[in-house]
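Single-letter residue listing:
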Amino acid sequence: MKRKLASLVLAAAMLTGTLAGCGSTGSGDSGTQKNTKTDDGTQGGDTKSGNDTQDGDTGTDGSDPADSDESITLTVLAGQSTTDAGIEDMIDEVLAEKYPNITLEWECVDWGNDFQPKMQQYLQSGLPDIMIGKAQDVATYAPQGVLAEIDSTYLDRGLDAARENVTIDGKTYGMVYNALYQGVYYNKDMFAENNWEIPKTQEDLQKIIDDCKAKDITPFASHMVDTWSIGNVTMQFMMNDVFNKIPDWGDQFRDGKISFSDSEEMKTAYQYNQLIFDNTFKDTFSTEQTDCDAKMVTGEAAMKVSGSWSIQNFLDIDESFNFGIFPFPNQTGDSKLIFEPNITIMTSAQTEHQDAVNNVLDVLTSDKDLAVEIYNYTKTASMLKDISPTFENPSQEDIDKYAADGNIVDVTLGNNQLVWGGFQEENAKDVAAWLQGQESFEDALKASDGRKDSSSAN
């Protein structure tokens, strides 16, 4: 997901950070760095997992790389969301202060398009020492025996909820660092001025849409030129109309008991895309994310189905923009706000430098200033204990309300039932083709059915 920055100043800063840490991350460029693996591409060496070390002991011989003159380079594959480009420089700076002999060699790629293909490539040649993806990636790669367990020293610094979807058979293979929220962002001032209540049903939502049109306000901001955005909002729709009702829908799909073409719940989830398309910018298939968000901030649109990654743009454009968030209403009026574990650190079971890898985990989980800097920059929620971002988030009041009422659901359920790479992302392309009249709705559903074998990580 390539971030389109809102200002030239920020763009220059981001570009400098990306070039320094990762090389180019532009479209079609994986940002590959020089290779420090052996000639055959394998990592080899010590297969000791992260939790073989004990608290206060960073290695089997008691040595600490920070106290050694040995220079160590760790390879890092970072699958980045739109908010993340630039955090590698923040990490490098703090790591250099605490462990000056450790260097991170970053390869930053777009998580939505390039992370899974890169991982498949490295499964053949040997994984990097550290991989940064999403919580759902653990379910894909841990069963293959290629990920190391994360030492409890670092896990204990995280919230208990951070372990839930990265633990398999009692072993935890990912350190969840931050989280995103997903739903419908809305202009609070506009809602107040027009006396619009937060909609809980489709009927409530339609009343707002109708009033928007009567007042020449675009109901929804969108940037459907980015098919990852279509894929994301479609999963939001599926979470509340499908998976909250049928948690094992994906398993039933693979067992031949249900299909996209026959499931009324799934067809409804897909059709919500038509509702957005009919009530958004006429040029949505040529509108970039930053332009879309700017129109939202300047009052050209009332709502946007999105996630926390939009906050970065909103506040870059206007730091006083007053926005909130609510779950997209489902057919039964009981939608929940969606929570997504985002940055998730995984480590290779075959790394030759487990001690140094643990030092990196130590920096990430113990340095509060670094954590707050990352959270404030990415505009995301903390998954570390006793650490909270300090940026002003007008939607936090809404998030707290849904959390207090128990109306938040983890999207990892849906993403594990129907995986992103090779399935959701491909289905989104057919949804885009359908909306543009290039194929029928029935053909889009059949195309999803035809990808059944790609719908699961295992």
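Everything below is about the structure printed above this text.
About the criteria used
Residues numbered from 1 in each chain as written. Predicted model: local features only at pLDDT ≥ 70, side-chain atom pairs only at ≥ 80, totals over all residues. Heavy atoms only, no water. Phe/Tyr/Trp six-rings, centres within 6.5 Å; stacked < 30°, edge-to-face > 60°. Buried < 20%, exposed > 50% of the residue type's maximum accessible area, 1.4 Å probe, protein only. Lys NZ or Arg CZ within 6 Å of the ring centre and 35° of its normal. Core = buried A, V, L, I, M, F, W, Y, C linked by side-chain atoms within 4.5 Å. Helix = DSSP H or I, 4+ residues; strand = E, 2+ residues; numbered from the N terminus. Contact = heavy atoms within 4.5 Å. Expected span 1.5 Å × (residues − 1). Arc of directions from axis to C-beta.

Trainee: I'm lost on the packing of aromatic side chains in this one. Help?
Mentor: Two numbers describe a pair of aromatic rings. These are the distance of the centres and the angle of the planes. Under the criterion given, the structure shown has 24 aromatic pairs. Between Trp434 and Phe441 the ring centres are 4.7 Å apart and the planes differ by 45 degrees, which places this aromatic pair in the tilted class. For the pair formed by Trp434 and Phe441, the shared burial category is buried. Among the aromatic residues, those joined into a ring-pair cluster are Trp249, Phe253, Phe260, Tyr270 and Phe423. Between the NZ or CZ atom of Lys401 and the centre of the ring of Tyr402, over which it lies, the distance is 4.8 Å. Positioned above the aromatic ring of Phe253, the side-chain terminus of Lys452 is 5.7 Å from the ring centre.

Trainee: Where do I start with the nonpolar core in this structure?
Mentor: In a soluble, globular protein the nonpolar side chains are often hidden away together inside. Residues Leu147, Trp249, Phe260, Met303, Phe328 and Leu418 are the most contacted members of the largest nonpolar core, which totals 94 residues. Here this core takes 9 residues from helix α8 (residues 227–243), the largest share from any one element. Beyond its immediate chain neighbours, meaning those up to four positions away, Leu418 contacts Met235, Met238, Phe243, Trp249, Gly250, Phe253, Arg254, Phe260, Met266, Phe423, Gln424 and Ser455. One finds Ile87, Leu95, Ile130 and Ile387 within the second-largest nonpolar core, a separate group that totals 36 residues.

Trainee: Explain helix α7 (residues 202–214) to me, please; I cannot follow it from the model alone.
Mentor: For an α-helix the count is 3.6 residues per turn, leaving residues at separations of three or four pointing the same way. End to end, α7 covers 18 Å across 13 residues, agreeing with the expected 18 Å (1.5 Å per residue, within 8%). Within the sequence span of α7, burial applies to Gln202, Leu205, Ile208, Ile209 and Cys212. Along the axis of α7, the buried positions cluster into a sector of 120 degrees, meaning they face one direction only. Across from the buried face of α7, at angles greater than 90 degrees, the exposed residues are Glu203, Lys207 and Ala214.

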